[in-house]
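Report on the structure
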Amino acid sequence: MRIEVKHLSYTYHSSAPFSAYALQDINLTIEEGEFFGIIGHTGSGKSTFVQHLNALIKLPTAEKKFKPKKVRKGQPAPVYPSIRIGTYDLGDKKTDFKELRSKVGIVFQYPEYQLFAETVALDVAFGLRNFSKTPLSQEETEEKVKEAIEAVGLDYHAVKDASPFDLSGGQKRRVAIAGVIVTKPEILILDEPAAGLDPLGKREIMELLHRLHASWCKTVIIVSHDMDEISENCTRAAVFSASRLKFCMPPSELFLHAEELETLGLDIPVTAKIQRELQKLGVEVHSDFTNEDFVRRVLERVGGTSC
Ligand code: ADP
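Residues numbered from 1 in each chain as written. Predicted model: local features only at pLDDT ≥ 70, side-chain atom pairs only at ≥ 80, totals over all residues. Heavy atoms only, no water.

**Re the environment of Lys65**
For Lys65, the position within the fold is in the loop between α1 (46-53) and β4 (82-85). Here the alpha-carbon distance between Lys65 and Ser243, two residues 178 residues apart in the chain, equals 26 Å. (Helix = DSSP H or I, 4+ residues; strand = E, 2+ residues; numbered from the N terminus.)

Here it is as structure tokens:
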């Protein structure tokens, strides 16, 4: 499912006297199959944006009380924000939003804090029951829950009857992800999936997301503030700053704009920093900013071989 966002602006409490834009005229397309990154400072609008993608925040035209503005003769027609995801029109009141939410899953930051059920299996099953149109049999539910738990790399029989609270931090996060992917969403969105994890935990979670991307969810979107994570993992990345979209391009092009990113108060990957320092010394290295490619290109320059 392709995501097509046009003219998306949003203000929380728009009737309040000092309300400010959380999003301003965002135009963005995410193709099916991408591993897409969203970067930006706290408060830049990332979370407001992703909440629109599964209609946690609805477009004005999808609200029950919406009535189109009357256009006077000679005046331009108002431009309403629009979002299309596959065949779903998120600006249409008649869209089946429950079904949409089963196809576009969101894993929020520190999702492990939202686990609540007595057992791991019940917690994961909750997501399934919540979004299923028709009630599922006990066997069907068990089968789907088992599949989801195994897809996140946990041993179903070892954890299914355990209390989620008795698991390690990393395992809890996996259970929370299982509770979202259990509906087999085509698009999986994760807000800071690696937040608070140690380097090994981060690597394991990113490896898991790549496995899910290959076999479970066609499109993965991560919100991250970690530029190394973006350069290592994403096909393209969007940079949000002060409610606007500033860039949307592959990391290999994005980090050529290092100065502008730094002006926005954003960091750049370690590889981009070293590349810049080398350039100052007159050594030109052109890499796609992934560690592997960068090391290979540097070794090529000095005549060594890659390990
Ligand atoms: P990010 O995810 O990049 O940190 P957000 O989308 O959460 O950014 O926030 C964008 C803007 O909207 C910020 O100015 C923030 O203060 C404001 N905002 C976010 N959530 C709310 C809310 N529930 N009520 C009022 N303002 C909000």
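**Re the domain arrangement of the protein chain**
If you check the domain split of the protein chain, you get domain 1 (3-268) and domain 2 (269-307). The distance between the C-alpha centroids of domain 1 and domain 2 comes to 33 Å. Domain 1 puts 13 residues into the contact, and the matching count from domain 2 is nine residues. Applying the counting rule to domain 1 against domain 2 returns three salt bridges. Two residues, Glu259 and Arg276, come together in a salt bridge whose shortest N-O distance is 3.1 Å. Viewed at the interface, domain 2 and domain 1 are joined by six residue pairs in polar contact (both at pLDDT 80 or more). (Domains from an automatic or database assignment. Contact = heavy atoms within 4.5 Å. Salt bridge = Lys/Arg side-chain N within 4 Å of Asp/Glu carboxyl O. Polar contact = N/O pair within 3.5 Å; in protein donor to acceptor, adjacent residues only side chain to side chain.)

**Some words on the packing of aromatic side chains**
As enumerated under the stated definition, the model contains six aromatic pairs in all. Ring centres of Phe49 and Phe240 lie 5.3 Å apart, and the angle between their planes is 50°; this geometry places the pair in the tilted category. Taken together, the residues Phe49 in helix α1 and Phe240 in strand β9 (residues 236-241) connect sequence positions 191 residues apart. The pair Phe49 / Phe240 is uniform in exposure class, with both members buried. (Phe/Tyr/Trp six-rings, centres within 6.5 Å; stacked < 30°, edge-to-face > 60°. Buried < 20%, exposed > 50% of the residue type's maximum accessible area, 1.4 Å probe, protein only.)

**Details of the side chain of Ser231**
By the element assignment, Ser231 lies in helix α8 (residues 227-233). Within the local environment of Ser231, its side chain forms a polar contact with the backbone oxygen of Asp228, the two atoms lying 3.1 Å apart. The contact partners of Ser231, leaving out residues within four places of it in the chain, are Pro251, Phe255, Pro269, Phe289 and Thr290.

**Thoughts on the environment of Ala195**
Within the fold, Ala195 resides in the loop between β7 (187-191) and α7 (199-215). Taking the C-alpha atoms as reference points, Ala195 and His225, separated by 30 residues in sequence, lie 9.4 Å from one another. Look past the residues within four positions of Ala195 in its chain and what remains in contact with it is Tyr110 and Arg173.

**Details of the layout of surface pockets**
Approximately 510 Å³ is the volume found for the largest pocket. Forming the walls of the largest pocket are 23 residues, and the residues nearest its centre are Ile106, Gln114, Phe131, Gly179 and Val180. Looking at the lining of the largest pocket, the elements that each hand over two or more residues are β6 (104-107), α3 (120-131) and α6 (169-181). Element by element, the count of residues in the lining of the largest pocket is highest for α3, at six residues. Class assignment of the residues belonging to the lining of the largest pocket gives a composition of 14 nonpolar, seven polar and two charged. (1 Å grid on protein atoms, 1.4 Å probe; cavity = no way out; pocket = protein on both sides within 12 Å on 5 of 7 lines; lining within 4 Å. Points joined across faces, edges and corners; volume = space filled by probe spheres on them. Nonpolar A, V, L, I, M, F, W, Y, C, P; charged D, E, K, R; others polar.)

**Section: empty space enclosed by the protein**
Summed over the entire model, instances satisfying the criterion amount to one cavity of 30 Å³ or more. Its boundaries defined by the atoms lining it, the largest cavity holds a volume of some 30 Å³. If you trace the largest cavity, you find it lined by Val107, Phe108, Tyr110, Pro111, Arg173, Ile177, Leu190, Asp191, Glu192 and Pro193. Contributions of two or more residues to the lining of the largest cavity are made by α6 and β7.

**Regarding the pairing of strand β3 (residues 35-40)**
The element β3 is extensively covered by neighbouring structure, given that six of its six residues are classed as buried. Where β3 lies against strand β8 (residues 219-223), four bridges are found, and the strand directions are parallel. In the sheet register, Gly37 faces β8, and the bridge partner there is Ile222. Alignment of β3 against β9, held across five bridges, turns out to be parallel. When the bridges of β9 are listed, Ile39 appears paired with Val239. (Pairing = 2+ DSSP bridges.)

**Remarks on the pairing of β7**
The element β7 is extensively covered by neighbouring structure, given that five of its five residues are classed as buried. The alternating pattern of β7 places Ile187, Ile189 and Asp191 on one face and Leu188 and Leu190 on the opposite face, and all of these are buried. Bridge count for β6 against β7 is four bridges, and the pairing is parallel. Paired with Val104 across the strands is Ile187, a residue of β7. Bridging between β7 and β8 involves five bridges; their strand directions are parallel. In the strand pairing of β8, Leu188 is matched with Val220. In this fold, the crossover linking β7 to β8 by way of α7 has right-handed handedness. (Right-handed = clockwise from strand over helix to strand, strands pointing away.)

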